[in-house]
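The lines below spell out each chain.
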Amino acid sequence: MSFMIKAEKRTVFGKNASRRLRREGKIPVILYGASVESVPLIVEKTDIFKIIRSESGENTIFKVTIDSGTQNVMIKEIQADPVTDEILHTDLIQIAMDKAVQVSIPIVFQGEAIGVKTEGGFVDVITRELEVECLPQDIPENVVLDISELHLNQSLKIEDIMIPESVKMLSDPDTVVVHIAVPHEEEEVVEEEEEEELIGEEEEPEVIKKEKVEEEKEKEEEEEEEGEKKKE
């Protein structure tokens, strides 16, 4: 689905002006690009919501009309309220369709791991996005990673992800993406058993040492008693 939104140039600035815009259902925006100067704009909040809720999300390439001109753009950054998640401000970046861009692609996990299904483990996701570089029209919506063959304590890395030939991988191939982990309670039992073994190993020399001291003391006492008997 292609999106086209209408923007108007922003002429009034400041926190109060931004609050008024948001109350009216609009968002302050800045458009950046190699062939354009930074342009402050105003767009409808519903238009931004439609884009970020689409299948390609923030990687969506869409058109913005300003006056009589149209630009191909992507969302560069969204500033949101940390408490309410309300969008406060959005940065857009101009896109040249013949130049490669660097983007983050979501990783979708497919299948139920053997280590979860039959071995009592759980899926521990380490990395949820893949950094890639490609032409704008070749940006994948996501990449799929099948985890169904994973056993307990096994993992998959970035290098295990298949991507189209038109896409260049930027993420470190040795980065772990997903791991089938042991439940926390079982890990604690194993750790407790190991600690008990270590304590036992540490206590054993102390017991032997104590026994030797007592034996030497008893021997000294016996020698003293024999010496006293001889004197008598």
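The structure under discussion appears in the preceding block.
Residues numbered from 1 in each chain as written. Predicted model: local features only at pLDDT ≥ 70, side-chain atom pairs only at ≥ 80, totals over all residues. Heavy atoms only, no water.

### So, the sheet that holds strand 12 (residues 168–169)
Inference 1: Judged by pairing direction, the sheet is mixed, and its 4 strands sit side by side in the order 10-7-9-12 without closing on themselves. Of all the strands in the sheet, the pair left with one neighbour each is strand 10 (143–146) and strand 12.
Inference 2: As judged from the 2 bridges shared by strand 9 (residues 129–134) and strand 12, these two strands associate in the antiparallel manner. Counted as the bridge partner of V132 is M169 from strand 12. (Pairing = 2+ DSSP bridges. Helix = DSSP H or I, 4+ residues; strand = E, 2+ residues; numbered from the N terminus.)

### Remarks on the layout of surface pockets
Inference 1: Considering only enclosed or pocket space, the largest pocket measures out at about 550 Å³ in volume.
Inference 2: Of all the secondary structure elements, the ones that give two or more residues to the lining of the largest pocket are strand 5 (69–80), strand 6 (87–94), strand 7 (101–110) and strand 9.
Inference 3: Here the residues of the lining of the largest pocket sort into 10 nonpolar, 8 polar and 5 charged. (1 Å grid on protein atoms, 1.4 Å probe; cavity = no way out; pocket = protein on both sides within 12 Å on 5 of 7 lines; lining within 4 Å. Points joined across faces, edges and corners; volume = space filled by probe spheres on them. Nonpolar A, V, L, I, M, F, W, Y, C, P; charged D, E, K, R; others polar.)

### Quick notes on the sheet that holds strand 11 (residues 155–157)
Inference 1: One open sheet holds the 3 strands; their spatial order is 8-13-11, and the pairing between them is antiparallel. Either end of the sheet is taken by a strand with one partner, and the two such strands are strand 8 (122–125) and strand 11. On average, adjacent strands in this sheet sit at an angle of 15° to one another, irrespective of strand direction.
Inference 2: Pairing analysis gives 4 bridges linking strand 8 to strand 13 (residues 176–181), with the strands arranged antiparallel. Counterpart to V125 in the pairing with strand 13 is V178. (Axes fitted to C-alpha atoms, helices over the stretch in contact; angles between N-to-C directions.)

From the geometry alone we can't say anything about function, so treat these as descriptive.
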